[in-house]
Amino acid sequence: MNKLTPQPGIMDIALYQGGAAHVDGVANVIKLSSNENPHGPSPKAIEAVRDSAALLHRYPTTDHAPLRAAIGEVHGLNPDQIICGVGSDEVLQFVVHAYAGPGDDVIYTRHGFSMYPILARMVGATPVQVDESERKVDVDAILAACSERTKVVFLTNPGNPTSTMLAEGEIARLADGLPPQAILVLDGAYAEFVEGFDGGAALVASRDNVIMTRTFSKIYGLGGMRVGWGYAPQEIIDVLNRIRQPFNLSSTALVAAEAAVRDRDYVKHCRAENTRLRAWLAGELAEAGVPSDTSCTNFILARFSDQPEADACDTYLQSQGLIVRKVAGYGLPHALRITVGDEAACRRIAEAVRGFKAGRA
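The residue count restarts for each chain, going from 1 along the sequence in the order it is written. Confidence filtering applies because this is a predicted model: local features only for residues at pLDDT of at least 70, side-chain atom pairs given and counted only at 80 or more, and all residues used for totals across whole chains, interfaces and linings. The side-chain values count all of the structure's non-hydrogen atoms but skip hydrogen atoms and water molecules.

Engineer: Now, about the packing of helix 3 (residues 87-99) against helix 8 (residues 234-241): what can you tell me, with residues and values included?
Structural biologist: It is at 9 Å that the axes of helix 3 and helix 8 come closest, and there the two elements cross at 90°. The orientation of helix 3 relative to helix 8 falls into the category roughly perpendicular. In this structure, helix 3 contributes F94, V95, A98 and Y99 to the contact, and helix 8 contributes E235, I236, V239 and L240. Residues were grouped as follows: Ala, Val, Leu, Ile, Met, Phe, Trp, Tyr, Cys and Pro as nonpolar; Asp, Glu, Lys and Arg as charged; and all remaining residues, including Gly, as polar. Classifying every residue of the contact of helix 3 with helix 8 gives 7 nonpolar, no polar and 1 charged. Angles shown run from 0 to 180 degrees and are taken between the N-to-C directions of axes, each axis being a line fitted to C-alpha atoms and, for helices, limited to the stretch in contact. Counting from the N terminus, the helices are the DSSP runs of H or I reaching at least four residues and the strands are the DSSP runs of E reaching at least two. Working rule for angles: under 35 degrees goes down as roughly parallel, over 145 as roughly antiparallel, 65 to 115 as roughly perpendicular, anything else as oblique. Note on contacts: a residue pair is in contact if any heavy atoms of the two residues lie within 4.5 Å.

Engineer: Now, about the sheet that holds strand 11 (residues 325-326): what can you tell me, with residues and values included?
Structural biologist: As summarised here, the arrangement of the 3 strands in space is 9-12-11, forming an open sheet in which the pairing is antiparallel. What marks the edges here is a single partner per strand, and that holds for strand 9 (299-303) and strand 11. Note: two strands are recorded as paired if DSSP finds a minimum of 2 bridges between them. Judged from the 5 bridges that link them, strand 9 and strand 12 (residues 335-339) form a sheet pairing that is antiparallel. Bridge assignment links F299 to a residue of strand 12, and that residue is T339. Running over the sheet, helix 10 (residues 264-287) touches strand 9 and strand 12 and is turned about 10° from strand 9. Here helix 11 (residues 307-319) sits on the sheet in contact with strand 11 and strand 12, set at roughly 35° to strand 12.

Engineer: Help me get a handle on the packing of aromatic side chains, residues and values and all.
Structural biologist: Where two aromatic rings form a pair, the distance of their centres and the angle of their planes describe that pair. Classification of ring pairs uses Phe, Tyr and Trp, with its six-membered ring standing for Trp, and accepts pairs whose centres are within 6.5 Å; under 30 degrees between planes counts as stacked, over 60 as edge-to-face, and the remaining range as tilted. Under the criterion given, the structure shown has 7 aromatic pairs. When the centroid spacing of 6.0 Å and the interplanar angle of 40° are considered together, the rings of Y316 and F356 count as tilted. With Y316 in helix 11 and F356 in helix 12 (residues 343-360), the pair connects residues that are 40 residues apart, well separated along the chain. Only protein chains enter the accessibility calculation, which uses a 1.4 Å probe; a residue whose area is less than 20% of its type maximum is buried, one above 50% is exposed, and one in between is partly exposed. Overall, the relative accessible area of 29% leaves Y316 in the partly exposed class. Members of the aromatic cluster, joined through ring pairs, are F113, Y116 and F154.

Engineer: Can you lay out the pairing of strand 8 (residues 228-231) for me, pointing to particular residues and giving the numbers?
Structural biologist: Here strand 8 shows no split at all, with G228 and G230 on one side and W229 and Y231 on the other all buried. As paired strands, strand 2 (residues 82-85) and strand 8 are joined by 4 bridges and run antiparallel to one another. Note on strand 8: the bridge partner recorded for C84 is W229. Pairing between strand 7 (residues 210-215) and strand 8: 4 bridges, direction antiparallel. Within strand 8, the residue paired with R214 across the bridge is W229.

Engineer: Outline the nonpolar core, listing residues and values.
Structural biologist: One broad trend across soluble globular proteins is that nonpolar side chains are buried collectively. We call a set of buried Ala, Val, Leu, Ile, Met, Phe, Trp, Tyr and Cys residues a nonpolar core when their side-chain atoms join them within 4.5 Å. Formed by 52 residues in total, the largest nonpolar core has its most connected members in L67, L155, L184, F216, W229 and Y231. Residue contributions to this core peak at 7 residues, all from helix 9 (residues 251-262). Not counting residues up to four positions away in its chain, the partners in contact with L184 are V153, L155, I171, L174, A175, L178, N209, V210 and I211. Of all hydrophobic cores here, the second largest spans 31 residues; its members include V106, A120, I183 and V185.

Engineer: Break down the pattern of salt bridges for me, with residues and values.
Structural biologist: A carboxyl oxygen of Asp or Glu within 4 Å of a side-chain nitrogen of Lys or Arg is what we treat as a salt bridge. In total, this model carries 20 salt bridges according to the counting rule given. In this structure, R276 engages E343 in a salt bridge whose closest nitrogen and oxygen atoms are separated by 3.1 Å. Pair noted here: R276 is in helix 10 and E343 is in helix 12, with a separation of 67 residues, a long-range link. Residue R276 is classed as partly exposed on the basis of its relative accessible area of 39%. Overall, E343 belongs to the partly exposed group, its relative accessible area being 32%. In this structure, R347 engages E343 in a salt bridge whose closest nitrogen and oxygen atoms are separated by 3.2 Å. With a gap of 4 residues between them, R347 and E343 both fall in helix 12, about one helical turn apart. Among the residues examined, R347 registers a relative accessible area of 44% and is labelled partly exposed. Each of E134, R135, D293 and R303 takes part in a single network of salt bridges with overlapping partners.

Engineer: Hey, could you go over the environment of D187 for me, with residue numbers and the actual values?
Structural biologist: Summarising the element assignment, D187 is placed in strand 6 (residues 183-187). Taking the C-alpha atoms as reference points, D187 and F113, separated by 74 residues in sequence, lie 9.1 Å from one another. Each residue touching D187, except ones within four places of it in the same chain, is listed here: S88, L92, F113, Y116, L155, T156, N157 and T213.

Engineer: How would you sum up the packing of helix 10 against helix 12? Please name residues and give values.
Structural biologist: Two elements in contact, helix 10 and helix 12, have axes whose closest approach is 10 Å; the angle formed by their N-to-C orientations is 10°. Taken together, the axes of helix 10 and helix 12 lie roughly parallel to each other. Counting all contacts with helix 10, which are made through R276, L277, W280, L281, E284 and L285, the residues of helix 12 involved are E343, C346, R347, I349, A350, V353 and R354. Each residue belonging to the contact of helix 10 with helix 12 can be placed in one class, and the counts come to 8 nonpolar, no polar and 5 charged.

Engineer: Describe the sheet that holds strand 4 (residues 126-130), naming the residues involved and giving the relevant values.
Structural biologist: In spatial order, the strands read 2-8-7-6-5-3-4; together these 7 strands make up an open sheet with mixed pairing. In this open sheet, the two edge strands, each paired with only one partner strand, are strand 2 and strand 4. The mean angle between the axes of side-by-side strands here comes to 20°, regardless of whether they run parallel or antiparallel. For strand 3 (residues 105-109) and strand 4, the ladder comprises 5 bridges, and the chain directions are parallel. Paired with I107 across the bridge in strand 4 is V128. Helix 8 rests against strand 2, strand 6, strand 7 and strand 8 of the sheet, and its axis sits at about 30° to strand 2.

What is shown is where atoms sit, not what they do.
Set out below in structure tokens:
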């Protein structure tokens, strides 16, 4: 009997590890490991979900037209150039399936989203990791890594788990410097946390080799619904829609996302609260001897003296019912990624870190 053999590269993929949600033997746990919106979704999105229950026997639309129209209206984009997916992850998957394969390179930065090398191996392409400079994307390093094999370049902006952000001029320089066969993917899962930032939409509009992706899992509080979208030149969207499953998003997910994106006041409130508490928490951690870069996201990358101290702090926080994210797998073994929660959660994490540092003094 022949042995079933997966495609080359599949068995090189390490299983993705999501943020932990519980601690054995500890009650009243606060989860600050997955960068979720502590305020939850918009009340209008919740209402839309409830209203959708009576129509669960009906298939969803295949073209996502109402949601694309809402996204286009809110962000000032052409709905025809928008594609929706099961989280922005699926849109990223569309890109590699359509444009990369065996013999091709997919470039990503050292501290970039861990799904990028997985996506490359999924299609038999070679993942190429490029170093960052002090937790910031290095455009020159990316350009130096490009070759005639390069087909896709993934850039998380703002970064995860770094929380840092590349200036728009540098993104444009990167797009203009890529080889002609390469697509630049601007993964903007945290773009809404930056006031006035378009996530790269203007760059997409002025070039033919850029796609921008966004998600409803972060500021919109719909992580459980799994909805994302991409904006790209019409030619790219036409290609991606040919490999998209026709019913990839449920009716409930579609109406929830539409209600969420239209509730601009709620998004504004969540962004303002995040900005306020992020600054406060970063200041408290710095006073306790735990520095961090200026964050452009809804989390803080807290840096410790070394990996043993970071691991020890993580263990102590768990004992206090606080779950954060270790990021050694992202090349940052001396750091912990801490989601900015509500005010009570921020005060608890600040107090716990102070207690940990005092106990080691």
